[in-house]
Amino acid sequence: MTFIDDTILKGAIDLHVHVGPDYSPRYSDAIRLAREAAAAGMRAIVIKKHLASTVGEAYEASQVVPEVSVFGGIALNAPCGGLSVRSVTACVKAGGKMIWLPTTDAKYAMDLAARGHWIKEYVGGCAFRETVEPLTVLDENGALKPEVCQIMAVCKEYGAILGSGHVGPDECLALAREAHRIGYTKLEITHPNDWEGGFSIELCRELASLGATLTMAYGACSPHNGRQDPHEIADMINVVGAQHMALITDYGQVASPAPADGMRVFYYLLRRLGISDADLHAMIVTNPARLLDLEPLTEEV
């Protein structure tokens, strides 16, 4: 008989968990997420909302459940100020560790939604029944907007992670080139496996070569989020390299299991598909800890 190793998540970090209360139903609030992560032996979680800061909730959950670190941030959609340097500065000064570029309001995601992509349930006017101006990080000449460069500079100054959110492949490449130019090492390409081939392996290799960290989301394999074949994620890891990646659940939906359980299943699934324990450890422990400025654990594999 094979037994599940319940210590497999010791020191693990999930950089992307949706938290309630929110504009749509969520699995739980920050305190319950923290308690479940602590019970699984996890080290930290990052909680997310599309339309509001999560810094206050993260602080409160960390006080109530000190066994696990809970970090918050902000997604730069219209209700949070859009591509606002002021919103970013306020967030990181308050302790925010994650800044996501536009998600629900990103032009790339909204264009995909118009073509029938499953993201249509979450983005812009499709989700909120109102007119939402699509946001892009590029100007009319294809260069990064000045305010986006300023946002990245603020993230570098305060040691925050800048996530690509739901912006497109060309936008991510421009971001990675700017990050490489200024020596910023905490650019996160948010779940590139979520876009049904929009991010090619060749592009992902280039993004990694420029120093970006790519987060692979288990949520993309869910029935409500595209049903991606997990073999595609394993192939991406093998080609791009685990040293450039982190695993996230992107859970928190009411139709998904507990995020901590999702991370455990993701680990074992990828192991069955040939990903080594050393690479898995790098992607759930070592690499996310570096992004969050956490000290390396003394017990590394």
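Residues numbered from 1 in each chain as written. Predicted model: local features only at pLDDT ≥ 70, side-chain atom pairs only at ≥ 80, totals over all residues. Heavy atoms only, no water.

Novice: In this structure, what is going on with the nonpolar core? I would like to understand it.
Specialist: One recurring pattern in soluble globular proteins: nonpolar side chains tend to sit buried together. Core analysis: the biggest nonpolar cluster contains 93 residues, and Leu207 and Leu247 have the highest contact counts within it. Among residues more than four places away in sequence, those in contact with Leu247 are Ile13, Met216, Ile237, Met263, Phe266, Leu270, Leu280, Met283 and Ile284. Counting residues in hydrophobic clusters, the runner-up holds 16 residues, among them Ala44, Trp100, Ile161 and Ala217. (Core = buried A, V, L, I, M, F, W, Y, C linked by side-chain atoms within 4.5 Å. Buried < 20%, exposed > 50% of the residue type's maximum accessible area, 1.4 Å probe, protein only. Contact = heavy atoms within 4.5 Å.)

Novice: Teacher, can you tell me more about helix 4 (residues 107-114) here?
Specialist: An α-helix turns once per 3.6 residues; consequently, residues spaced three or four apart project the same way. All of the buried residues in helix 4 are Tyr108, Ala109, Met110, Leu112 and Ala113. Of the residues trailing helix 4, Gly116 is marked for its positive phi of about 100°. (Helix = DSSP H or I, 4+ residues; strand = E, 2+ residues; numbered from the N terminus.)

Novice: Is there a simple way to think about the pattern of salt bridges in this case?
Specialist: Two side chains bearing opposite charge may form a pair once their charged atoms approach each other closely. Applying the stated rule across the entire model yields ten salt bridges. Among the salt bridges present, the one from Asp22 reaches Arg26, with a minimum N-O distance of 3.1 Å. Looking at Arg26, the relative accessible area reads 12%, which means it is buried. Close ionic contact of Lys186 with Asp293 constitutes a salt bridge, the shortest N to O distance being 2.6 Å. Placement of the pair is Lys186 in the loop between helix 7 (169-182) and strand 7 (187-189) and Asp293 in the segment after helix 11 (277-291), with a sequence separation of 107 residues. Take Lys186: its relative accessible area is 8%, and that puts it in the buried class. On the accessibility criterion, Asp293 (48% relative accessible area) is partly exposed. By sharing partners, the salt bridges in this structure join Lys97, Lys186 and Asp293 into a single network. (Salt bridge = Lys/Arg side-chain N within 4 Å of Asp/Glu carboxyl O.)

Novice: Mind showing me how you'd approach the packing of helix 9 (residues 230-240) against helix 10 (residues 259-272) here?
Specialist: The axes of two packed helices give the description: the angle between them and the distance between them. Interaxial distance between helix 9 and helix 10 falls to 10 Å at its minimum, and their mutual angle equals 70°. Put simply, helix 9 runs roughly perpendicular to helix 10. Side by side, helix 9 and helix 10 meet where Pro230, Ile233, Ala234 and Ile237 of the first sit next to Phe266, Leu269 and Leu270 of the second. For the contact of helix 9 with helix 10, a count of residues per class yields seven nonpolar, no polar and no charged. (Axes fitted to C-alpha atoms, helices over the stretch in contact; angles between N-to-C directions. Parallel < 35°, antiparallel > 145°, perpendicular 65-115°, else oblique. Nonpolar A, V, L, I, M, F, W, Y, C, P; charged D, E, K, R; others polar.)

Novice: Would you mind going over empty space enclosed by the protein with me for this structure?
Specialist: If a probe the size of a water molecule is rolled over the atoms, the empty space left behind becomes visible. Under the definition given, this model contains two cavities of 30 Å³ or more. By volume, the largest cavity is sized at about 110 Å³. For the lining of the largest cavity, the per-class residue count stands at three nonpolar, seven polar and four charged. What lines the second largest cavity is simply Val17, Leu33, Glu36, Ala37, Met42, Ile45, Pro259 and Ala260. (1 Å grid on protein atoms, 1.4 Å probe; cavity = no way out; pocket = protein on both sides within 12 Å on 5 of 7 lines; lining within 4 Å. Points joined across faces, edges and corners; volume = space filled by probe spheres on them.)

Novice: What is the right way to read the packing of helix 8 (residues 201-209) against helix 9 from this model?
Specialist: The N-to-C vectors of helix 8 and helix 9 enclose an angle of 45°; their axes lie 10 Å apart at closest approach. With respect to each other, helix 8 and helix 9 are oriented oblique. Handedness of the helix 8/helix 9 crossing: right-handed. Facing Ile201, Cys204, Arg205 and Ala208 of helix 8, the residues of helix 9 in contact are Met236, Val239 and Val240. In terms of residue class, the contact of helix 8 with helix 9 is built from six nonpolar, no polar and one charged. (Left-handed = near helix turned anticlockwise from the far one by under 90°.)

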